[in-house]
Number of protein chains: 2
Amino acid sequence: MTVREQPAKEHRRTRQRAAVDDVLDETEDFISAQELHALLRARGAGVGLATVYRTLQTLADDGRVDVLRSDAGEAVYRRCVREEHHHHLVCRSCGATVEIAGPAVERWAKSVADQHGYSDVSHTLEIFGTCPRCAAA
Amino acid sequence: MTVREQPAKEHRRTRQRAAVDDVLDETEDFISAQELHALLRARGAGVGLATVYRTLQTLADDGRVDVLRSDAGEAVYRRCVREEHHHHLVCRSCGATVEIAGPAVERWAKSVADQHGYSDVSHTLEIFGTCPRCAAA
DNA sequence: GGTGGTTTTGACAATGGTTGTCAGTCTTGA
DNA sequence: TCAAGACTGACAACCATTGTCAAAACCACC
Ligand SMILES: [Zn+2]
Ligand SMILES: [Zn+2]
Ligand SMILES: [Zn+2]
Ligand SMILES: [Zn+2]
């Protein structure tokens, strides 16, 4: 029923994509396309805004970055350590992120959907709060 | 530490707000401001787009409607039956929504946040799938 | 049933993130 | 080296959402 998982179609290696990749590797927190673009421009390795968007889109499609929406509705991206499905505990003030696994929640979500006859199930789950460092200030 | 819960500041009852309210009462699924506006226009009871946005904003602030973001990032609104905190099981294709309570998940989210020293915690959790009716088609 | 002050409305402009366009450039495999 | 096609970037277009502000509606209170 579900489309077979594609083996991550190969993409060409370009200077622009490497630059975006580098930033993602160096950045702990979720970052928006606009921020990433500004960062690249600032560090000299300019990359077109459209290219930044396209690159992030591709990475997200391939599951190589996680995406979620900030309070303002802006899409923000992050290269996570964990490869497997997981969720995030994010600081509302500084963006500090902790990757979270919750097997019990996964099972619960699945069973809830089953109970109501919903198929092809996915879910979103994020936890927001104030991290210790920000709370101290 | 937390701001005291305000007693839902009183707002004036106007034709426009009543119209928006009516649509929300009659609508089972999550609906966007644009859709709501088009619906009102179609049914003759025209209401300015800005007013629709303002009204939904106010309702959301007062906790009288639930808001979440569609895949496209558009905000969608729904008047839920349950007054207390809850989550949703939403059909990706037709929007059919089931309200879900998950006490265990609530506790889990809180404990995860505690473990990492995060305070002032909130969370978002939605389950998406294909409802039985849509699966049949 | 008039009056002044406050709230609400709506047409329109402005904002801002995101996507579309398309001619020129770069990669890649042969 | 070369051609096919992927990639880029400046720019325009899109579109949900918010800001503006004068006119309209509303609400005591006289
Ligand atoms: Zn992640
Ligand atoms: Zn999960
Ligand atoms: Zn709800
Ligand atoms: Zn919850």
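Everything numeric in this text was worked out from a predicted model, so none of it was measured. In every chain, residue numbers begin from 1 and rise along the written sequence. Starting at A for chains and at 1 for ligands, labels are handed out in the order in which the entities are written. The predicted origin of the model limits local features to residues at a pLDDT of at least 70 and limits the giving and counting of side-chain atom pairs to 80 or more, whereas totals for whole chains, interfaces and linings rest on all residues. Computation of side-chain values covers all heavy atoms of the structure but excludes hydrogens and water.

Our next topic: the sheet that holds strand E3 (residues 75–78) of chain B. Across a sheet, paired strands are connected by hydrogen bonds in the backbone, their directions being either parallel or antiparallel. Residues and elements named next belong to chain B. Two strands qualify as a pair provided that DSSP identifies no fewer than 2 bridges between them. Helix and strand assignments come from DSSP, with helices taken as H or I runs of at least 4 residues and strands as E runs of at least 2, each series counted from the N terminus. With antiparallel pairing, the 3 strands of this open sheet are ordered in space as E1-E3-E2. Of all strands in the sheet, those bounded by a partner on one side alone are strand E1 (31–32) and strand E2 (66–69). The pairing of E1 with E3 spans 2 bridges and is classified as antiparallel. Across the sheet, the residue bridging to Ser32 is Val76, located in E3.

Expressed as a screw transformation, the operator carrying chain A onto chain B has a rotation angle of 179° and an axial translation of 0.1 Å, and the superposed copies differ by an RMSD of 0.2 Å. The operation mapping one copy onto its partner corresponds to a two-fold rotation axis. Distance from the rotation axis, computed per C-alpha, reaches its smallest value in chain A at Leu125 of chain A: 2.2 Å. Taken as a fraction of all interface residues of chain A, those also at the interface in chain B reach 100%, which identifies the copy contact as same-surface. What sets the superposition is a least-squares fit of C-alpha atoms, and only residues with pLDDT of at least 70 in both copies go into it. Should any heavy atoms of two residues lie within 4.5 Å, those residues are counted as being in contact.

Time to look at the coordination of the zinc ion (ligand 2). Residue and element names in this part refer to chain A. Donor criterion used throughout: N, O or S atom within 2.8 Å of the metal, extended to 3.2 Å for Na, K and Ca. Water excluded; incomplete-looking sites may result. Distances from the zinc ion (ligand 2) to its protein donors, His85 (NE2), His87 (NE2), Glu106 (OE), Glu106 (OE) and His123 (NE2), fall within 1.9 to 2.5 Å. If you list the donors of the zinc ion (ligand 2) from N- to C-terminus, the spacing comes out as H-x1-H-x18-E-x16-H. Here His87 is found in strand E4 (residues 87–91), whereas its partner His123 is found in strand E6 (residues 119–130), with 36 residues between them in sequence. Owing to a relative accessible area of 3%, His87 belongs among the buried residues under this scheme. Here the term buried applies to any residue with accessible area under 20% of the maximum for its type, exposed to any over 50%, and partly exposed to those in between, with areas from a 1.4 Å probe on protein chains only. When its relative accessible area of 17% is taken as the criterion, His123 is described as buried.

Among the nonpolar cores identified, the biggest contains 26 residues, and Leu89, Trp108, Tyr118 and Ile127 of chain A together with Leu89, Trp108 and Tyr118 of chain B are the most heavily contacted of them. Of all the secondary-structure elements, those providing two or more residues to this core are E4, strand E5 (97–100), helix H4 (103–115) and E6 of chain A together with strand E4 (87–91), strand E5 (97–100), helix H4 (103–115) and strand E6 (119–130) of chain B. Excluding residues within four positions of it along the chain, Trp108 of chain B makes contact with Ile100, Ala101, Gly102, Val105, Leu125 and Ile127 of chain A. Nonpolar cores are built from buried Ala, Val, Leu, Ile, Met, Phe, Trp, Tyr and Cys residues. Side-chain atoms within 4.5 Å join them into one set.

Each partner contributes residues to the interface: chain A has 37 residues there, and chain B has 37 residues. Computed with a 1.4 Å rolling probe, the buried area is the accessible surface lost when two parts are put together, summed over both parts. Of the roughly 2900 Å² buried at the junction of chain A and chain B (both faces included), carbon and sulfur atoms supply 64%. When the buried area of chain A at its contact with chain B is split by residue, Trp108, Tyr118 and Ile127 of chain A rank highest and sum to 24% of it. For salt bridges, the criterion is a side-chain nitrogen of Lys or Arg within 4 Å of an Asp or Glu carboxyl oxygen. Inspection of the chain A/chain B interface yields 2 salt bridges. In this structure, Arg92 of chain A engages Asp120 of chain B in a salt bridge whose closest nitrogen and oxygen atoms are separated by 3.5 Å.

Turning to the coordination of the zinc ion (ligand 4), a few remarks are in order. All names here are of chain B. Coordination of the zinc ion (ligand 4) by the protein comes from His85 (NE2), His87 (NE2), Glu106 (OE), Glu106 (OE) and His123 (NE2), over a distance range of 1.8 to 2.5 Å. Read from N- to C-terminus, the donor residues coordinating the zinc ion (ligand 4) fall into the pattern H-x1-H-x18-E-x16-H. With a gap of 17 residues between them, Glu106 in helix H4 and His123 in strand E6 connect regions that are remote in the sequence.

The next thing to look at is the protein's contact with DNA strand D. Here a residue counts as near a molecule or strand whenever at least one of its heavy atoms sits within 4 Å of it. Close to DNA strand D lie 20 residues; Arg12, Thr14, Arg17 and Arg54 of chain A together with Tyr53 of chain B are nearest. When atoms of DNA strand D within 4 Å of the protein are split into backbone and base, the sugar-phosphate part holds 68%. In the analysis that follows, any N or O atom pair within 3.5 Å is treated as a polar contact, provided that within protein one partner can donate a hydrogen and the other can accept it, and provided that, for residues neighboring in sequence, both atoms belong to side chains. Note that a phosphate oxygen of DNA strand D is positioned 2.7 Å from one of the side-chain N or O atoms of Thr14 of chain A. Contact between DNA strand D and Tyr53 of chain B: a phosphate oxygen at 2.6 Å from a side-chain N or O atom of the residue. Where the surface near DNA strand D is concerned, the elements lending two or more residues are helix H1 (15–26) and helix H3 (49–61) of chain A together with helix H3 (49–61) of chain B. Ranked by residues supplied to the surface near DNA strand D, first place goes to H3 of chain B with 5 residues. By residue class, the composition of the surface near DNA strand D is 6 nonpolar, 7 polar and 7 charged. The residue classification treats Ala, Val, Leu, Ile, Met, Phe, Trp, Tyr, Cys and Pro as nonpolar and Asp, Glu, Lys and Arg as charged. All others, Gly included, are polar.

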